[in-house]
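Residue-level listing of the chains:
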Amino acid sequence: MITSRHFLQTTLLRSRGGLPSISSSRSLSSDLPRITERRPDETGRGGRASDAGVKVCVFGATGFLGRYVCSGLGSNGVQTYIGSREDEFAYRHLRPLFELGRAKFSYYSSRDRQSMADLISDADVVVNLVGKYYDTKALEDTQKFPYLNYKVSTSVAEANVEVPKTIAELCAEMQVDNLIHVSSAAANPDSSSEWARTKHEGEQAVLEAYPWATIVRPTQMFGHEDMLLNWFAVMAQRFPIVPLVDGGHALTQPVWVDDVAKTINRIIDDPEKFEGRRVDVFGAQDYSYAELARFVYDITGQEPVLSDIPNPVVKYAANVMQYEGAPMLTPDMVDLMSEDYLPEMTVEGYKAQNQVFTMKDLGVEATPIEKLAFKYLHRFREGGHFILAKGYH
């Protein structure tokens, strides 16, 4: 018999009309899946603790975008196979996103095709989120002074081209129904950035091996773990001067990472509709890097010196910083920040054609950056969240 104080208070409130009574016909709107239509073979009432009747394999699930994609898959009751090249601590944050038994975690090596094939196994849909903006390096012994050398263990080209190509080839060999490859709006064979060039090469390699793949092209993503708004705040913590490459005049159109994840989950819900098509995902408004910097520091209250520094000069510092574990700045990032990072067409241009989808076509509205930035940038304020309120300092 339950006699807790909380239970008695709740019962009393209901008897006085303070809380709605629970009935078997209550609304399930908060529990319904975010997918557009229920599948004929889906079991359960939809959402968590249900079986959506589809199996999805995700490569790159431990990354920035991956956790949001997995959150949507878990909420929709999708059986998910998650591969990781690291130990179990790398994906422990993904486990609570799924009901017990709805996610399978496996180790794979990007240089071992069989381990990747085992991960794909009987998946209906494969999602590739793998990408890298810097070469992973490790120290090795040498015979000559200084007896140490940095060797590249995983290059940008391998992560952005070879891995997607291998995944696409395996999907074709194993007759996987659908493949979703996440590329980038910056993918360009003529870019000065190696990252942007390899993103384009990876996209072409995927389409060559698996022509009916769905290509998702997001612009720069912002969110709690981003390397965009957080980049400016962390740089201001570490250095008195924050560089604006070539004055920070290049434009970018950031999109909320969860909007990208929602778009991918909508594609997973009806993948045949998007076979061989491209989906461009972008934010509500474009900004220059200089505008983003001032926007961030207006929230955080930080006061670094924003300095207009030419690309070649910034690279001097980037050549040193690139040897950090997860570098804040690399020479290739400097090149990328010198170019516009925008969708291929204007809003009117997308409306006038029918070859490329946008996330709006899938029912996802772009979330303004102003609506979310404060939620995760206020932590950089000196003195904490309530420093400007009377009575808290």
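Residues numbered from 1 in each chain as written. Predicted model: local features only at pLDDT ≥ 70, side-chain atom pairs only at ≥ 80, totals over all residues. Heavy atoms only, no water.

### Considerations on the environment of T142
Right, on to step 1. Relative to the helices and strands, T142 is located in the loop between β5 (136–141) and β6 (148–154).
Right, on to step 2. Among all residues touching T142, those that are not within four sequence positions of it are Y147, L148 and N149.
Right, on to step 3. A polar contact is formed between the side chain of T142 and the backbone oxygen of K144, at a distance of 3.1 Å. (Helix = DSSP H or I, 4+ residues; strand = E, 2+ residues; numbered from the N terminus. Contact = heavy atoms within 4.5 Å. Polar contact = N/O pair within 3.5 Å; in protein donor to acceptor, adjacent residues only side chain to side chain.)

### Brief notes about the packing of helix α6 (residues 229–238) against helix α8 (residues 289–300)
Right, on to step 1. Direction vectors running N to C along α6 and α8 enclose 65 degrees, while the axes themselves pass 9 Å from each other. The chirality of how α6 crosses α8 is right-handed. Here L229, F232, A233 and A236 of α6 come into contact with α8, specifically with Y289, L292, A293, F295, V296, Y297 and T300.
Right, on to step 2. Tallied by class, the residues present in the contact of α6 with α8 amount to 10 nonpolar, one polar and no charged. (Axes fitted to C-alpha atoms, helices over the stretch in contact; angles between N-to-C directions. Left-handed = near helix turned anticlockwise from the far one by under 90°. Nonpolar A, V, L, I, M, F, W, Y, C, P; charged D, E, K, R; others polar.)

### Quick notes on the packing of aromatic side chains
Right, on to step 1. Tallied over the entire structure, the rule returns 11 aromatic pairs.
Right, on to step 2. Ring plane angle 70 degrees and centroid distance 4.7 Å describe the contact between Y133 and Y134, whose orientation is recorded as edge-to-face.
Right, on to step 3. Y133 gets classed as partly exposed once you look at its relative accessible area, which sits at 24%.
Right, on to step 4. Taking the relative accessible area as the measure of exposure, Y134 reaches 17% and is therefore buried.
Right, on to step 5. Ring centres of W195 and Y341 lie 6.3 Å apart, and the angle between their planes is 45 degrees; on these two criteria the pair is classed as tilted. With W195 in helix α5 (residues 194–209) and Y341 in the loop between α10 (331–336) and α11 (347–351), the pair connects residues that are 146 residues apart, well separated along the chain. The pair W195 / Y341 is uniform in exposure class, with both members buried.
Right, on to step 6. For R95, the ring lying beneath its charged end belongs to F105, and the centroid distance is 4.7 Å.
Right, on to step 7. The cationic tip of K104 hangs over the ring face of Y81; the distance from NZ or CZ to the ring centre is 5.6 Å. (Phe/Tyr/Trp six-rings, centres within 6.5 Å; stacked < 30°, edge-to-face > 60°. Buried < 20%, exposed > 50% of the residue type's maximum accessible area, 1.4 Å probe, protein only. Lys NZ or Arg CZ within 6 Å of the ring centre and 35° of its normal.)

### A closer look at a nonpolar patch on the surface
Right, on to step 1. Judged by side-chain polarity, L139, L148, Y150 and Y323 come together as a nonpolar surface patch covering roughly 400 Å² of accessible area.
Right, on to step 2. Note on placement: L148 falls in strand β6. (Patch = residues over 30% accessible without salt bridge, like charges linked within 9 Å, V, L, I, M, F, W, Y side chains within 5 Å. Areas by Shrake-Rupley, 256 points an atom, 1.4 Å probe, with all protein chains shown as cover. Salt bridge = Lys/Arg side-chain N within 4 Å of Asp/Glu carboxyl O.)

### Description of unusual backbone geometry
Right, on to step 1. Cis geometry is found at the peptide bond from F145 to P146, where omega equals 10 degrees.
Right, on to step 2. Relative to the assigned elements, P146 resides in the loop between β5 and β6.
Right, on to step 3. Phi is positive for S121, close to 35 degrees, though the residue is something other than glycine.
Right, on to step 4. Relative to the helices and strands, S121 is located in the loop between α3 (113–120) and β4 (125–128).

### Observations regarding the side chain of D226
Right, on to step 1. Relative to the helices and strands, D226 resides in the loop between β9 (221–222) and α6.
Right, on to step 2. Engagement of the side chain of D226 in a polar contact is seen with the backbone nitrogen of N230, the distance being 2.9 Å.
Right, on to step 3. Discounting residues that sit within four places of it in the chain, D226 has contacts with F64, M221 and Y376.

### Here's the deal with the layout of surface pockets
Right, on to step 1. Space inside the largest pocket adds up to approximately 1,600 Å³.
Right, on to step 2. Considering the residues around the largest pocket, the lining is formed by 46 residues, among which G63, F64, G131, K132 and Y133 are closest to the centre.
Right, on to step 3. The set of elements that each furnish at least two residues to the lining of the largest pocket consists of α2 (64–75), β2 (79–84), α5, α6 and α10.
Right, on to step 4. Considering each element in turn, the lining of the largest pocket owes the most residues, four residues, to α2.
Right, on to step 5. When grouped by side-chain class, the residues that make up the lining of the largest pocket number 24 nonpolar, 14 polar and eight charged.
Right, on to step 6. Taken as a whole, the second largest pocket encloses approximately 380 Å³ of empty space.
Right, on to step 7. Along its surface, the second largest pocket is lined by 20 residues, and F282, V347, K351, T358 and K360 are the ones closest to its centre.
Right, on to step 8. For the lining of the second largest pocket, the secondary-structure elements that each account for two or more residues are α11 and β16 (356–358). (1 Å grid on protein atoms, 1.4 Å probe; cavity = no way out; pocket = protein on both sides within 12 Å on 5 of 7 lines; lining within 4 Å. Points joined across faces, edges and corners; volume = space filled by probe spheres on them.)

### Digging into the pairing of strand β8 (residues 214–218)
Right, on to step 1. Counting buried residues along β8, five of its five residues qualify, which places the element largely inside the surrounding structure.
Right, on to step 2. The two faces of β8 match: T214, V216 and P218 on one face and I215 and R217 on the other face are all buried.
Right, on to step 3. Relative to β8, strand β7 (residues 178–182) is paired through three bridges, and the arrangement is parallel. Note on β8: the bridge partner recorded for V182 is V216.
Right, on to step 4. Read as a crossover between parallel neighbours, the route from β7 over α5 to β8 is right-handed.
Right, on to step 5. With four bridges connecting them, β8 and strand β13 (residues 278–281) associate as parallel partners. Within the sheet, the bridge partner assigned to I215 lies in β13 and is R278. (Pairing = 2+ DSSP bridges. Right-handed = clockwise from strand over helix to strand, strands pointing away.)

### Observations regarding the nonpolar core
Right, on to step 1. In this structure, V56, L65, V127, L229, W231, F232 and I264 are the most contacted members of the largest nonpolar core, which totals 80 residues.
Right, on to step 2. Setting aside residues no more than four positions away along its own chain, V56 makes contact with L73, V78, Q79, T80, Y81, A123, V125, V127 and I268.
Right, on to step 3. One finds Y108, I167, L170 and V206 within the second-largest nonpolar core, a separate group that totals 23 residues. (Core = buried A, V, L, I, M, F, W, Y, C linked by side-chain atoms within 4.5 Å.)

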